[in-house]
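Structural description and commentary
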Amino acid sequence: MHARRVSDKSTNVRVYRREAEARDRDRGEGGLAGRPVCLALAVWLGLVALAAADGVFVRLGGALDATLAAFATLFAAASYALDREVRQWADEAPVAIVAALALGGDAALAAALALAGAPALAAGALAPLAFFAAPVALAAHLPLARACAGRRLRSTARRSPGARPAAS
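Residues numbered from 1 in each chain as written. Predicted model: local features only at pLDDT ≥ 70, side-chain atom pairs only at ≥ 80, totals over all residues. Heavy atoms only, no water.

1. Digging into the overall build of the chain
To keep things clear, this is the line we draw: Per the convention used, a helix needs a DSSP run of H or I reaching at least four residues, while a strand needs a run of E reaching at least two, with both numbered from the N terminus. Working definition: with a 1.4 Å probe on protein chains only, accessible area under 20% of the residue-type maximum means buried, over 50% means exposed, and in between means partly exposed. Working rule for contacts: check all heavy atoms of both residues, and any pair within 4.5 Å makes them a contact.
Of the regular secondary structure elements, the chain holds six helices and zero strands. Listed N to C, the secondary structure of the chain is α-α-α-α-α-α in terms of helices and strands. A burial count over the chain gives 26% of its 168 residues as buried. Nonlocal contacts in the chain, meaning residues at least 24 apart in sequence, comprise 69% of its contacts between residues at least 6 apart.

What follows is the structure, encoded as structure tokens:
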């Protein structure tokens, strides 16, 4: 079946094209940010797992391990806070996935702290929790907190005092 060519001079076609271009532009900004983030997370997890298996974190010592874990956590939070495309991608992600990342990381960290204690968290087999799960969990909490704050702070028109005229 042949598609009928529509004249470019029609106002409807021009408006439709502008809207389609805007949609493609918007989809491109938020949609493409997810690929590098996912790739970076996969590489980061792989490198942390290799370093933990090789005993790098045990050889570094507790103070340096704590400093590196704190840096990774702050870097993950800053990536969300400062990078508009990453923030848009995280805000548009399904809430169930973001909540599972946040709460799963919290649960794993709580269990590791309860069973092994804080000094053992950054050493050995538990290192991926300190260097990967904690930063990812914190970064996942940020869009959840933003979504919850946005819902609470918005006032609906029906609740607004200006929505109804005062009785006189």
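2. So, the nonpolar core
Defined as follows: For this analysis, a nonpolar core means a set of buried residues of the types Ala, Val, Leu, Ile, Met, Phe, Trp, Tyr and Cys, connected via side-chain atoms within 4.5 Å.
Residues F57, L109, L121, A127, L129, A130 and F131 are the most contacted members of the largest nonpolar core, which totals 15 residues. If you list the elements that add at least two residues to this core, you get α1 (11-54), α5 (95-116) and α6 (127-153). With six residues, the top contributor of residues to this core is α6. Excluding residues that lie within four positions of it along the chain, L121 makes contacts with L109, A112, L113, L126, A127, L129 and A130.

3. Digging into the side chain of R87
Structurally, R87 can be placed in helix α4 (residues 84-92). Among residues more than four places away in sequence, those in contact with R87 are Y80, A81, L82 and R146.

4. Considerations on the packing of aromatic side chains
How we decide: Side-chain rings of Phe, Tyr and Trp (the six-membered ring for Trp) are treated as a pair once their centres are within 6.5 Å; stacked means planes under 30 degrees apart, edge-to-face means over 60, and tilted covers the remaining angles.
Taken as a whole and judged by the stated rule, the model has three aromatic pairs. When the centroid spacing of 5.4 Å and the interplanar angle of 75° are considered together, the rings of W44 and F132 count as edge-to-face. You can see W44 sitting in helix α1 and its partner F132 sitting in helix α6, a full 88 residues away along the chain. By relative accessible area, W44 is classed as partly exposed at 24%.

5. Considering α4
Quick note on the threshold: The directions from the helix axis to the C-beta atoms are what the arc is built from. Polar contact is defined as a pair of N or O atoms within 3.5 Å, subject to the rule that within protein one atom must be able to donate a hydrogen and the other to accept it, and that residues adjacent in sequence are counted only when both atoms are side-chain atoms.
Three or more residues of α4 are buried, namely V86, R87 and A90. All buried residues of α4 project into a common sector of 100° when viewed along the axis, lining one side. Taking the backbone nitrogen of E85 as reference, a side-chain oxygen 3.1 Å away marks D83 as the first, capping residue of α4.

6. Section: a nonpolar patch on the surface
For clarity, the threshold we go by: The patches described consist of residues with a relative accessible area above 30% and no salt bridge, like charges being joined within 9 Å and nonpolar side chains (Val, Leu, Ile, Met, Phe, Trp, Tyr) within 5 Å. The Shrake-Rupley method, run with a 1.4 Å probe sphere, supplies the accessible areas, and residue values consider only the shown protein chains as cover. A pairing counts as a salt bridge when a side-chain nitrogen of Lys or Arg comes within 4 Å of a carboxyl oxygen of Asp or Glu.
On the surface, L39, V43, L47 and L50 cluster together to form a nonpolar patch covering roughly 420 Å² of accessible area. Mapped onto the secondary structure, V43 falls in helix α1. With relative accessibility at 45%, the residue V43 sits in the partly exposed group.

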